[in-house]
2 protein chains.
Amino acid sequence: MPHTSPDVLRAFVTSLYAAAGLPGEDAALVADTLVQADMWGHSSHGVMRAPWYIDRVRAGTMKPVTAPEVVVDAGAIAVIDGRDGVGQVITKRAMEDAIRRAKAHGVGIVSVRESNHHGALGYFTHMAAGQGFVGMLTTNGSPAMPPWGGRTKLLGNNPWSIAAPAGRHAPMMLDIANTMVARGKIFLARQKGIPIPDSWAIDAQGRRTTDPVAALGGVILPMAEHKGYGITVMMDVLSGVLSGSGIMDEVSGPYQAEKRSRCGHMVMALNIEAFGPRSRFEARMEEMIARIKAVPLAEGFDEVFYPGEIEARNEERHRQQGLDVPAQIRQDLSRTAAQLGVPLPECW
Amino acid sequence: MPHTSPDVLRAFVTSLYAAAGLPGEDAALVADTLVQADMWGHSSHGVMRAPWYIDRVRAGTMKPVTAPEVVVDAGAIAVIDGRDGVGQVITKRAMEDAIRRAKAHGVGIVSVRESNHHGALGYFTHMAAGQGFVGMLTTNGSPAMPPWGGRTKLLGNNPWSIAAPAGRHAPMMLDIANTMVARGKIFLARQKGIPIPDSWAIDAQGRRTTDPVAALGGVILPMAEHKGYGITVMMDVLSGVLSGSGIMDEVSGPYQAEKRSRCGHMVMALNIEAFGPRSRFEARMEEMIARIKAVPLAEGFDEVFYPGEIEARNEERHRQQGLDVPAQIRQDLSRTAAQLGVPLPECW
């Protein structure tokens, strides 16, 4: 399989979004977020999503021209209504706004309602970390898990992310969803015909199961049992209730092109410099990373990574070697390009 | 076993702390936090801790008179140095300060360094929720788990809590640590002679184990594998690095009377009213709770609870029936009382 240069891929996906009606700068941003996720090794949030998102623009549930309305503008905080614009564009502007507020007040929070799926959250918190801020971001998502003790989906996996500058290292970055496991891992077990751990899912009758087929007919459980349930509910409170957006099953997924997303976010920046010298913060982060990496290894591990290090290493490798874009994803992108009248890159 | 009235227990523990040198109001606060944890059913953070904390005062590692120094006072944020005062007193004042700042700026953050263990975090976030704020609190703690892939303890279980008002219901409240399981559960398995799940702990050689004895000689793993590891590191960044406090194994536990704690916290309040009408927020919280509780049940469950509901129900029951204080804890408290010359309550 030929490797594709990130620049070529970024330019191609930018032209797809531009052809779908996004202003040039916004098209370039969305393409950059998707390619960045692939660079980090998070292909589930990479360019494979471009056709889904573009279908939403074509269906009218995501507006190509993002024009948020400022509902509250009050010093350290703001509330904005995304008016069904492009999630990545709304979130980037919200993070810039939070950073601006944090410069003046030490902390800035932008609460976002009526947005759209915005891909890998780490893109936006990483952006804040690159500018000397601790970035935090929460979102709600379409139903993915039951409340703890229930057997039907009601709550999203409601991802959240925190990132912080780490001196001479790439930023420290957490970016997680609150489900036990990605659905893809259960598909894989079914394909291989192997059982799954009974902590992953319950079947349609609400019983723990090790059978991947029964699990796919049931629901995936929260990570860490009741703790992950509690976290996901709180992320919905911060993202959906506080902002006045959709909550729980009022939020639709990115692949449901015909439905408005109604997701909400909380976007936050802390100005490290306001709390103390940034040099002290970064020196302590370097110390923390050095100590973490020096711990003796457990069985089955070759190295201990700090949060975000694997992504940074993947990015470096992909920058040098290019990205592997699987045949299925190439085909999907080619079809979208044909629909929009966009030429394919050379060497595609 | 006789049931003890919460009021009697509170008054007794208050007099213990007062005899140890805490000002009356501070003694009453600490006693209230401990009794409240017992009321919620979190006895591991209840009055059983009073002798440990008082030993710290007697050892001089926790100052009886809390006199924090304000290091930064900058609008929406502040940094305070707890100067080894009483953790609960420092944290309550920090939350009051965060609420005051949130009234003016929409959000308030107080970053705390050189504090002490403050018991159940939910006490302080619950306090914020009772006043119409979303309360958030993070702390770091003494080493409890390895970084993911390592085999020796370096990171705390770094608890964190978020609470929000929930209309006619008791506040919604999350209050969790990031380890897979409390050490007490492994002791219990050893006592019963039963194996533990292999996701709980590794032995001293860094191998997954189902043997509780080997697990107790090794280390407990983070909840949700690498995710819990990432969360706990980030809670140390927010609590320890940002505030300029101790981090990782620089932090000592509450039962190590001879060592300064050096723990740090991040205390945060969001003024709901600044983001939109509080009535809308609370109506949505009630709607969320109603939907959560109406979900069909999974096998083995009789009811679905919203986060914080079990605690509220336990509190109600204990208010009516009194608290069961186990004989061992009564003895420990009696010994502390004798050392301090404090009379025991009638009917003890």
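Keep in mind the model is a prediction, meaning the values are calculated, not measured.

Cut-offs and rules
- Residues numbered from 1 in each chain as written.
- Chains lettered and ligands numbered in written order.
- Predicted model: local features only at pLDDT ≥ 70, side-chain atom pairs only at ≥ 80, totals over all residues.
- Heavy atoms only, no water.
- Contact = heavy atoms within 4.5 Å.
- Buried area = accessible area lost by both parts, 1.4 Å probe.
- Salt bridge = Lys/Arg side-chain N within 4 Å of Asp/Glu carboxyl O.
- Polar contact = N/O pair within 3.5 Å; in protein donor to acceptor, adjacent residues only side chain to side chain.
- Helix = DSSP H or I, 4+ residues; strand = E, 2+ residues; numbered from the N terminus.
- Buried < 20%, exposed > 50% of the residue type's maximum accessible area, 1.4 Å probe, protein only.
- Pairing = 2+ DSSP bridges.
- Right-handed = clockwise from strand over helix to strand, strands pointing away.
- Core = buried A, V, L, I, M, F, W, Y, C linked by side-chain atoms within 4.5 Å.
- Phe/Tyr/Trp six-rings, centres within 6.5 Å; stacked < 30°, edge-to-face > 60°.
- Axes fitted to C-alpha atoms, helices over the stretch in contact; angles between N-to-C directions.
- Expected span 1.5 Å × (residues − 1).
- Arc of directions from axis to C-beta.

J.: Explanation requested: the interface of chain A and chain B in the structure shown.
T.: Accessible area lost upon the coming together of the parts serves often as the stated size of an interface. At the interface, 80 residues of chain A touch 80 residues of chain B. Buried surface at the junction of chain A and chain B, summed over both partners, amounts to about 6600 Å²; 72% is from carbon and sulfur atoms. Across the pair aspartate 249 of chain A and arginine 291 of chain B runs a salt bridge whose closest N-O atoms are separated by 2.6 Å. At the boundary of chain A with chain B, the tally comes to 20 residue pairs in polar contact (both at pLDDT 80 or more). A per-element tally of the side of chain A that touches chain B places helix 8 (residues 226–241) of chain A first, with 11 residues.

J.: Please explain the pattern of salt bridges as it appears in this structure.
T.: When charged atoms on two side chains of opposite charge get close, those side chains can pair. Summed over the entire model, instances satisfying the criterion amount to 49 salt bridges over all chains. In this structure, the salt-bridge partner of arginine 10 of chain A is aspartate 7 of chain A, at a minimum N-O distance of 2.8 Å. Here arginine 10 of chain A pairs with aspartate 7 of chain A, and both are found in helix 1 (residues 6–19), just 3 residues apart, close to one helical turn. A residue is classified by how much of its surface remains accessible, and arginine 10 of chain A, at 22% relative accessible area, is partly exposed. Among the residues examined, aspartate 7 of chain A registers a relative accessible area of 57% and is labelled exposed. Residue lysine 92 of chain B is joined to glutamate 96 of chain B by a salt bridge in which the shortest nitrogen-to-oxygen separation is 3.0 Å. With lysine 92 of chain B and glutamate 96 of chain B both in helix 4 (residues 87–105) and 4 residues apart, the pair spans about one turn of that helix. Each member of the salt-bridge network shares a partner with another, and the members are Asp84, Glu114, Glu250, Arg260 and Arg262 of chain A together with Arg284 and Glu287 of chain B.

J.: Quick question: what am I supposed to make of the environment of lysine 259 of chain A here?
T.: Residue and element names in this part refer to chain A. Residue position: lysine 259 is located in the loop between helix 8 and strand 12 (263–271). C-alpha of lysine 259 to C-alpha of arginine 56: the two residues are 203 residues apart in sequence and 8.3 Å apart in space. Setting aside anything within four residues of it in sequence, one finds lysine 259 in contact with Arg56, Thr61 and Ser252.

J.: Explanation requested: the pairing of strand 3 (residues 77–81) of chain A in the structure shown.
T.: The side chains of a regular strand alternate, residue by residue, between the two faces of the sheet. Residues and elements named next belong to chain A. Extensive coverage of strand 3 is indicated by the burial of 5 of its 5 residues. Examined bridge by bridge, strand 2 (residues 69–74) and strand 3 share 5 bridges and lie antiparallel to one another. Bridging across to strand 3, valine 70 finds its partner in isoleucine 80. The antiparallel hairpin formed by strand 2 and strand 3 contains 2 residues in its connecting segment, where glycine 75 sits at a positive phi of about 70°. With 5 bridges connecting them, strand 3 and strand 4 (residues 107–115) associate as parallel partners. Each residue of the ladder has a partner; that of valine 79, found in strand 4, is serine 111. The handedness of the strand 3 to strand 4 crossover, carried by helix 4 (residues 87–105), is right-handed.

J.: What exactly am I supposed to notice about the nonpolar core here?
T.: Side chains that are nonpolar tend, in soluble globular proteins, to be buried together. Judged by nonpolar contacts, the single largest core of 98 residues is most densely connected at Ile109, Trp160 and Leu270 of chain A together with Ile109, Trp160 and Leu270 of chain B. Those residues in contact with isoleucine 109 of chain A that lie beyond four places of it in its chain are Ala76, Ile77, Ala78, Met266, Val267 and Met268 of chain A together with Val107, Met268, Leu270 and Phe275 of chain B.

J.: What's the story with the packing of aromatic side chains in this structure? I'm lost.
T.: One pair of aromatic rings is described through two measures. These are the centre distance and the angle between the planes. Taken as a whole, this structure holds 9 aromatic pairs over all chains when the rule is applied. Each ring, one from tryptophan 52 of chain A and one from tyrosine 255 of chain A, has its centre 5.8 Å from the other, and the planes form 85°; the classification is edge-to-face. Placement of the pair is tryptophan 52 of chain A in helix 3 (residues 50–59) and tyrosine 255 of chain A in the loop between helix 8 and strand 12, with a sequence separation of 203 residues. We classify tryptophan 52 of chain A as partly exposed; its relative accessible area is 27%. With a relative accessible area of 51%, tyrosine 255 of chain A lands in the exposed category. Centre to centre, the rings of tryptophan 148 of chain A and phenylalanine 301 of chain B are 5.8 Å apart; their planes meet at 80°, and the pair counts as edge-to-face.

J.: What am I meant to see in the sheet that holds strand 5 (residues 133–139) of chain B here?
T.: All names here are of chain B. Within the open sheet, the 7 strands sit side by side as 2-3-4-12-5-8-9. Their pairing is mixed. Both edges of this open sheet fall to strand 2 (69–74) and strand 9 (169–176), since each of them pairs with a single strand only. Direction aside, the axes of adjacent strands within the sheet are offset by 10° on average. Bridge analysis of strand 8 (residues 160–166) against strand 9 gives 6 bridges, and the strand direction is antiparallel. For alanine 164, the partnering residue across the bridge sits in strand 9 and is methionine 172. Contacting strand 2, strand 3 (77–81), strand 4 (107–115), strand 5 and strand 12 (263–271), helix 4 crosses the sheet at an angle of about 160° to strand 4. Contacts from helix 5 (residues 122–130) reach strand 5, strand 8 and strand 9 within the one sheet, and its direction differs from that of strand 8 by about 25°.

J.: Quick question: what am I supposed to make of helix 12 (residues 327–340) of chain A here?
T.: Given 3.6 residues per helical turn, the α-helix brings residues three or four places apart onto the same face. All names here are of chain A. The end-to-end C-alpha distance of helix 12 is 20 Å, a good match for the 20 Å that 14 residues give at a rise of 1.5 Å each. Of the residues making up helix 12, those classed as buried are Ile329, Arg330, Leu333, Thr336 and Ala337. The arc that holds the buried residues of helix 12, viewed along the axis, is 130°, so those residues lie on one side. Exposed and oriented more than 90 degrees from the buried face of helix 12 are Arg335 and Ala338. Among the structural elements, strand 1 (3–4), helix 1 and helix 3 are those in contact with the buried residues of helix 12. Directly after helix 12, the chain includes glycine 341, whose backbone phi takes a positive value near 70°.

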